[in-house]
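Chain by chain, the residues run as shown.
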Amino acid sequence: MGKYFSKKFIIYLITFFVAVTINWIAPRLIPGDPVRTMLATYVGPAEGRAILEQELRITFGLEGSLIQQYLTFWGRLLRGDLGRSITMYPRRVIDIVRNNIIYDIVILFPAVTLSWIVGNKFGAMAGDNKKTDNIVMPFIYALISSPYFWFAIIVVYVFSFNLGWFPSAQAYGGGLSPGLNMTFIRSFLRHWFLPFFTLFLITLGQWAIGMRNMIIYEVKANYANYMRSSGAPDKLVREYAFRNGILPQVTGFAIQLGQVVAGAILVQEVFNYPGLGRLMLEAVQRQDFFLLQGSFLALILMVLLANFLVDIIYMFIDPRIKASYTEEG
C-alpha cells in the first residue's frame, strides 16, 4: 500500500507543478500591463510616475525578466504567500480566496455527490428495465444536452421569476451579515438552492447514461449468462452487474470533476453567486494577476485532492489496482 501511495504522490506532485506553471503563464498572455492600467489615472510629473511604477512592480513581483518573476513566484508560493490583489490592494489574495472558496464547496460537493448517487441509481434501473428506460432516458438526454448557463437561466425563470419560490441572485439577503443565526441560515439556504439544483440536474445525466450503458453490457456478459444457467436469481445477477458497472463510474467521477468546476463558474455567473469562478472572471477583466493565480491555484488543489481521494477509494473497491502495484514491486 505504501508503494501505491508513493507512486500516486509523485504523479500528483508532477501534475501540481505543471498545472501551477501553466497557471503562472496564463495571466501573462492577457494583453495589457496591470501596473500601467493602475497608473492610467495618474496625474503628475513623469519622474514621479516612473518611481511609482517601479515601486508597484517590486511590490507585486513584476520586476525583472520572466524567469526572475517565475522564480519569485515559486519562492513566495512555497512560503504560503499568494501576493496581494492589484484591484483590492492591500488585501492579501489568500484572504480573498478563503472568503470565496466556501461558496464553491457548499455547492459543488453536495451537487456532485448527490448527482453521482442518484444518477447511477436511475441508470441502473433504466439499463435493467425497458419501460423505465423509455420513461427516464428522454429526460436524462435532455438534461445532458443542456448547456450549464442556458439551464441555469431556465431554472431562474421558472422558480424565481414565475413561481417566486427562491431568490434569483446573491448568496444571502441584503442587509444580513454571515453568522450562525436562523435568519441568516434560512436566507442562505433559499439563495443556495437554485445554483445547487442546477448543477445537480445537469451532472445527473452523465452518470445515469454511463451506468445505463454499463448495466446493458454487464447483464449480457458471459459471467451473467453463466450465473443464470446455474440457477442464480436475477436479483443476484443485477447486483454483480452493478458492482462491475460502478468501477468505470468511479473513474469517471475523477475525470469529470474539472468539467463540473468549469460548469460551476457559469452557474455562479448566472446567479450572481460568489465563488472562485466569479472571482476569476473579475480578475481577468481587471488584469489582477495574483488574484487570478490564487483562484486557479485553489481550484487546482480542490480537483487534485478530490482525484487523490477517488484513487484511494478505487483501490479499496477494486483489489486488482492494489495488486497491480504490489506485483510491480
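The structure displayed is predicted, hence computed values, not measured ones.

J.: An account of the overall build of the chain is requested, with residue identities and associated values reported.
T.: When its secondary structure is counted, the chain shows 13 helices and zero strands. Listed by position from the N terminus, the elements making up the chain come as α-α-α-α-α-α-α-α-α-α-α-α-α. Evaluated residue by residue, the chain yields a buried proportion of 44% over its 329 residues. Contacts in the chain between residues at least 24 apart in sequence constitute 73% of all its contacts with a sequence separation of at least 6.

J.: Please provide a residue-by-residue account of the packing of helix α5 (residues 93-128) against helix α6 (residues 130-144), values included.
T.: At their nearest, the axes of α5 and α6 sit 5 Å apart, and the two run at 130° to each other. In this view, α5 runs oblique relative to α6, as classed from their interaxial angle. Mapping the contact onto sequence places Met125, Ala126 and Asp128 in α5 and Lys130, Thr132, Asp133 and Met137 in α6. Its residues placed into classes, the contact of α5 with α6 shows three nonpolar, one polar and three charged.

J.: Could you give me a rundown of unusual backbone geometry, with the residues and numbers involved?
T.: Phi is positive for Gln170, close to 75°, though the residue is something other than glycine. By relative accessible area, which is 39% here, Gln170 ends up partly exposed. Its identity as a non-glycine residue notwithstanding, Asn272 has a phi of 50°, on the positive side.

J.: Any details on helix α3 (residues 46-59)? Residues and values, ideally.
T.: The end-to-end C-alpha distance of α3 is 20 Å, a good match for the 20 Å that 14 residues give at a rise of 1.5 Å each. For α3, every residue scored as buried is listed here: Glu53, Leu56 and Arg57. Mapping the buried residues of α3 onto a view down its axis gives an arc of 100°, with all of them on the same face. Exposed residues lying more than 90 degrees from the buried face of α3 are Glu47 and Ile51. Following α3 by one or two positions, Gly61 has its phi on the positive side, about 70°.

J.: So what's going on with the layout of surface pockets? Which residues, and what values?
T.: Roughly 200 Å³ of internal volume is contained in the second largest pocket. Around the second largest pocket, the lining residues are Phe9, Tyr12, Leu13, Phe16, Leu301, Leu304, Leu305 and Phe308.

J.: So what's going on with the packing of aromatic side chains? Which residues, and what values?
T.: Applying the stated criterion to the full structure yields 17 aromatic pairs. Between Tyr12 and Phe308 the ring centres are 5.6 Å apart and the planes differ by 85°, which places this aromatic pair in the edge-to-face class. Taken as a pair, Tyr12 in helix α1 (residues 2-28) and Phe308 in helix α12 (residues 289-317) lie far apart in primary sequence, 296 residues in all. Pairing Phe193 with Phe197 gives two aromatic rings, centres 5.4 Å apart and planes at 15°, and the pair type is stacked. Of this pair, Phe193 and Phe197 both sit in helix α8 (residues 182-218), four residues apart, which is roughly one turn of that helix. Geometry around Tyr240 places Arg243 over its ring, the cationic atom sitting 5.3 Å from the centre.

J.: Describe the pattern of salt bridges, and please don't skip the residues or the numbers.
T.: Applying the stated criterion across every chain yields a total of seven salt bridges. Between Arg92 and Asp95 there is a salt bridge, with its nearest N and O atoms 3.1 Å apart. We classify Asp95 as partly exposed; its relative accessible area is 22%. Several salt bridges share partner residues, and in doing so they unite Arg92, Asp95 and Arg98 into one network.

J.: Let's hear about empty space enclosed by the protein: which residues, and what values?
T.: Under the counting rule described, the total for this entry stands at two cavities of 30 Å³ or more. Here the largest cavity is characterised by a volume of approximately 120 Å³. Around the largest cavity sit 15 residues that line it, and Phe73, Arg76, Leu82, Phe290 and Gln293 are the ones nearest its centre. Of all elements in the fold, only α1, α4 (66-78) and α12 reach the threshold of two or more residues within the lining of the largest cavity. Considered class by class, the residues forming the lining of the largest cavity number six nonpolar, six polar and three charged. Each pocket or cavity is described by its volume, and for the second largest cavity that value is around 40 Å³. Lining the second largest cavity are Asp104, Ile107, Leu108, Leu199, Ala264, Val267 and Gln268. Of all the secondary structure elements, the ones that give two or more residues to the lining of the second largest cavity are α5 and α10 (234-270). Class assignment for the residues of the lining of the second largest cavity results in five nonpolar, one polar and one charged.

Rules and cut-offs
- Residues numbered from 1 in each chain as written.
- Predicted model: local features only at pLDDT ≥ 70, side-chain atom pairs only at ≥ 80, totals over all residues.
- Heavy atoms only, no water.
- Helix = DSSP H or I, 4+ residues; strand = E, 2+ residues; numbered from the N terminus.
- Buried < 20%, exposed > 50% of the residue type's maximum accessible area, 1.4 Å probe, protein only.
- Contact = heavy atoms within 4.5 Å.
- Axes fitted to C-alpha atoms, helices over the stretch in contact; angles between N-to-C directions.
- Parallel < 35°, antiparallel > 145°, perpendicular 65-115°, else oblique.
- Nonpolar A, V, L, I, M, F, W, Y, C, P; charged D, E, K, R; others polar.
- Expected span 1.5 Å × (residues − 1).
- Arc of directions from axis to C-beta.
- 1 Å grid on protein atoms, 1.4 Å probe; cavity = no way out; pocket = protein on both sides within 12 Å on 5 of 7 lines; lining within 4 Å.
- Points joined across faces, edges and corners; volume = space filled by probe spheres on them.
- Phe/Tyr/Trp six-rings, centres within 6.5 Å; stacked < 30°, edge-to-face > 60°.
- Lys NZ or Arg CZ within 6 Å of the ring centre and 35° of its normal.
- Salt bridge = Lys/Arg side-chain N within 4 Å of Asp/Glu carboxyl O.

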